[in-house]
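One-letter residues, chain by chain:
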Amino acid sequence: EKQGYDHYMLKEIHEQPDALASAIKPRLTSENAVVFEELDQSFFANIDRIEFVACGTSYHAALYGCQLLNARGIPAHVHRAGEFSSYPAAIDERTLVVAITQSGETADTIESIHRVNETDARSLAVTNVVGSSIERIADKTVYIHAGPEIGVAATKTFSSQVATLSLLAAYLTPTLGSKTASNSALLSSIAELPTAVDTVLSTADSEYVAQTLVNRPNRFFIGRGVGYPVALEGALKFKEITYEHAEGFAAGQLKHGPLALITPESAVLVVFTGDHDEKTVSNAHEVRSRGATVIGIGPDQADGPRRVCDEYIGVPSLTPELSGVLTNVQLQLIAYHCASALGRSIDRPRNLAKSVTVE
Ligand code: M6R
């Protein structure tokens, strides 16, 4: 069943080009128009803001999608479902609540939609599992079509969630977005995403970098823009399967406290996207001058970022808004190779379950 891979996680990482194609192809025409068969624009009539609810990796995908909406002038926020279910945001008939959940069974996310259903707000579920519980309670459902994910660590479903949310952001722009918003760079990069991920998977950089990360007291993952949710996701994946300490931060946040943790033994993984990289370069300088080992991951063509890093892993250059999907694949592989070097139970990490059905 693992088709020659040592673990489901590695198999699922390698399934990403196909999973992405399944999410994208039916929804993007050859003229780069976006189609959602399960939706129609009338469902979004009079919506003036979008509130995402999700947990874990799906929460990071929601943060990513939220940035794409905000960049197009569509007001959006993200909530951890475990908070929203007890302390919901103020919502009304002009609010669309979007629940992101791979399994469609996460109790906190389901309970959040029950709370939404007590109000006049509308709800949309974005899930991987057809016939899941979330589908029964949300007003509408969109599938990410990633195929079954067995490993407890979510990998291909994050990429497919981001791809689906990118398409949704483009789909909503003409009706809910600003008049000046443009989707052309985003849509042409979405079309290139499966091939670009395939290119990332054919490199061996992550194995080498993983070796420099195993014997450390801590590791920090930083990024800005879409690099921020990717930094959070990179750290989550790392701690989930290696059982080692890792934290993700918005790059600009370091100097407001976390910088005190940096020592010459620290490793800092810096996500570059090709957008505002000069600021992230100066954040990388801040940690390097404290002796930390700096590992950059970002677009191939990046002189400034390459100069500030001890090691730099290049990924194909896409529009910055989607480059985070590619850097995230490298971070998945880095976490995997570290966990493998440490002999961890990669597909079934201790204390964790694939879907969390209790609040
Ligand atoms: O099925 P869901 O997407 O609702 O699950 C949410 C989280 O429990 C899940 O993403 C968890 O954080 C993963 N194990 C992370 O790899």
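Our subject is the structure that appears above.
Numbering of residues starts from 1 in each chain and follows the order in which that chain's sequence is written. Note on the predicted model: pLDDT of at least 70 is required for a residue's local features to be given, and 80 or more for side-chain atom pairs to be given and counted; whole-chain, interface and lining totals, by contrast, use all residues. Note: side-chain values were computed over all heavy atoms of the structure, leaving out hydrogens and water.

Draft legend 1. Spatial organisation of the sheet that holds strand S9 (residues 293-299). Taken in spatial order, the five strands line up as S7-S6-S8-S9-S10 in an open sheet, and their pairing is parallel. Strand pairing shows two members of the sheet lacking a second neighbour, strand S7 (246-250) and strand S10 (311-315), which therefore form its edges. On average, each strand axis in the sheet is inclined to that of its neighbour by 20°, with strand direction left out of account. Pairing analysis gives five bridges linking strand S8 (residues 267-271) to S9, with the strands arranged parallel. Within S9, the residue paired with Val270 across the bridge is Gly296. Packing of helix H10 (residues 227-242) onto the sheet brings it into contact with strand S6 (219-223), S7 and S8, and relative to S7 it is tilted by some 175°. Note on pairing: DSSP must find at least two bridges between two strands before they are called paired. Counting from the N terminus, the helices are the DSSP runs of H or I reaching at least four residues and the strands are the DSSP runs of E reaching at least two. Here, axes are lines fitted to C-alpha atoms. For helices the fit covers the stretch in contact, and angles between N-to-C directions go from 0 to 180 degrees. Contacts are residue-level and defined by heavy atoms, with any inter-residue pair within 4.5 Å sufficient.

Draft legend 2. Fine view of the site of the ligand. Here a residue is near a molecule or strand as soon as one of its heavy atoms is found within 4 Å of it. Taken together, 13 residues are adjacent to the ligand, and Ser58, Thr101, Ser103, Thr106 and Glu240 come closest. Identification of polar contacts relies on pairs of N or O atoms within 3.5 Å, with a donor-acceptor requirement for protein atoms, meaning one able to donate a hydrogen and the other able to accept it, and with residues adjacent in sequence counted only if both atoms are side-chain atoms. A distance of 2.6 Å separates a nitrogen atom of the ligand from a polar side-chain atom of Glu240. Accessible surface area values rest on a Shrake-Rupley calculation with a 1.4 Å probe, where residue burial reflects the displayed protein chains alone. When the ligand sits alone it has 410 Å² of accessible area, and the protein chains cover 91% of it. At the level of secondary structure, the elements contributing two or more residues to the shell around the ligand comprise helix H3 (56-71) and H10.

Draft legend 3. Fine view of the nonpolar core. Grouping buried Ala, Val, Leu, Ile, Met, Phe, Trp, Tyr and Cys residues that are joined through side-chain atoms within 4.5 Å yields what is termed a nonpolar core. Think of it in three bands: residues with accessible area under 20% of the maximum for their type are buried, residues over 50% are exposed, and the middle band is partly exposed, with areas taken using a 1.4 Å probe on protein chains only. If you look at the biggest cluster of nonpolar residues, it comprises 88 residues, and the most contacted ones within it are Ile50, Phe52, Leu172, Leu193 and Leu213. Contact partners of Ile50, with chain neighbours within four places excluded, come to Leu69, Ile74, Pro75, Ala76, His77, Leu96, Val98 and Leu172.

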